[in-house]
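Structural characterization, general
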Amino acid sequence: KNEVEQSPQNLTAQEGEFITINCSYSVGISALHWLQQHPGGGIVSLFMLSSGKKKHGRLIATINIQEKHSSLHITASHPRDSAVYICAASGGGADGLTFGKGTHLIIQP
Amino acid sequence: GAGVSQTPSNKVTEKGKYVELRCDPISGHTALYWYRQSLGQGPEFLIYFQGTGAADDSGLPNDRFFAVRPEGSVSTLKIQRTERGDSAVYLCASSIQRNTEAFFGQGTRLTVV
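Residues numbered from 1 in each chain as written. Chains lettered and ligands numbered in written order. Predicted model: local features only at pLDDT ≥ 70, side-chain atom pairs only at ≥ 80, totals over all residues. Heavy atoms only, no water.

Within the largest apolar cluster, 22 residues are counted, with the highest numbers of intra-cluster contacts made by Ile19(A), Leu32(A), Trp34(A), Phe47(A), Leu72(A) and Tyr85(A). Leaving out residues up to four positions away in the same chain, Leu32(A) has contacts with Cys23(A), Tyr25(A), Phe47(A), Met48(A), Leu49(A), Ile63(A), Ser70(A), Cys87(A), Ala88(A) and Ala89(A). (Core = buried A, V, L, I, M, F, W, Y, C linked by side-chain atoms within 4.5 Å. Buried < 20%, exposed > 50% of the residue type's maximum accessible area, 1.4 Å probe, protein only. Contact = heavy atoms within 4.5 Å.)

Bringing the packing of aromatic side chains into the picture now. If you walk through the whole model with that rule in mind, you get six aromatic pairs over all chains. Ring plane angle 85° and centroid distance 5.0 Å describe the contact between Phe99(A) and Tyr35(B), whose orientation is recorded as edge-to-face. Taken together, the residues Phe99(A) in strand S10 (residues 94-99) and Tyr35(B) in strand S4 (residues 31-37) connect one chain to another. Tyr35(B) carries the same exposure label as Phe99(A), and that label is buried. On the numbers, 5.0 Å between centres and 20° between planes, the contact of Tyr33(B) with Tyr48(B) is stacked. A residue pair is termed long-range when its members are at least 10 positions apart, and Tyr33(B) in strand S4 and Tyr48(B) in strand S5 (residues 44-50) qualify at 15 residues. Like Tyr48(B), Tyr33(B) is buried. (Phe/Tyr/Trp six-rings, centres within 6.5 Å; stacked < 30°, edge-to-face > 60°. Helix = DSSP H or I, 4+ residues; strand = E, 2+ residues; numbered from the N terminus.)

Residue and element names in this part refer to chain A. Residue placement: Ser90 occurs in strand S9 (residues 83-91). Owing to a relative accessible area of 1%, Ser90 belongs among the buried residues under this scheme. Within the structure, the side chain of Ser90 is placed 3.1 Å from the side chain of His33, a separation counted as a polar contact. (Polar contact = N/O pair within 3.5 Å; in protein donor to acceptor, adjacent residues only side chain to side chain.)

Another point: the interface of chain B and chain A. Accessible area lost on assembly of the parts is the figure often given for the size of an interface. Facing the 19 residues of chain B at the interface are 20 residues of chain A. Taking both partners together, chain B and chain A bury about 1,500 Å²; carbon and sulfur atoms supply 51% of that area. When the buried area of chain B at its contact with chain A is split by residue, Pro43(B), Asn99(B) and Phe104(B) rank highest and sum to 32% of it. Run the count over chain B and chain A and you get one salt bridge. Residues Asp95(A) and Arg98(B) are paired through a salt bridge, measuring 2.5 Å at the closest nitrogen-oxygen approach. When residues of the side of chain B that touches chain A are assigned to their parent elements, the largest contribution, three residues, is made by S4(B). Residue composition of the side of chain B that touches chain A, by class: eight nonpolar, eight polar and three charged. (Buried area = accessible area lost by both parts, 1.4 Å probe. Salt bridge = Lys/Arg side-chain N within 4 Å of Asp/Glu carboxyl O. Nonpolar A, V, L, I, M, F, W, Y, C, P; charged D, E, K, R; others polar.)

Now the structure itself:
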């Protein structure tokens, strides 16, 4: 069974700061997903990646397959980035996604 | 519709009652997943449908939980004899096929009192 670990669990930062959220998993996967969940809202897919790096606006996701590790970066953070960020693994012998517990991010003005 | 739709958005029920939660996936998506998210936790896998068949129901916690997808589109998650521990947000997601990008609904918040 795949174990997906995220750190930190909680992160509070000032507007403009560079944010990094880390994710590690225990077994080989087909892809790593980064998801965003706002309070009371549904889950939105940010990235799905199986190698290298992807960028969308101020968000960057990287993955190192050999080290079984992925990071999500937010540049020039803004209060509207405040949300729970969840990493999830697909493949690795499981149907569906195996989720981390999420990182609760608060960006203060 | 344009996205995954779940109804109802909120459901309060008494312990011991039967509930049905509905998921309407994106048209053409053959893969459909149900997850359960307890407060402060990441979602946990319940069941995966490929078309009409439940390809993997290993995440269903016990035999009080059952799900169907009779025509390969809309799915219903059914919970019998609800217990207070069943209170959670039930999320549905669909994707074009297995292990591709998943699109999530807004979830159904179930409260058993």
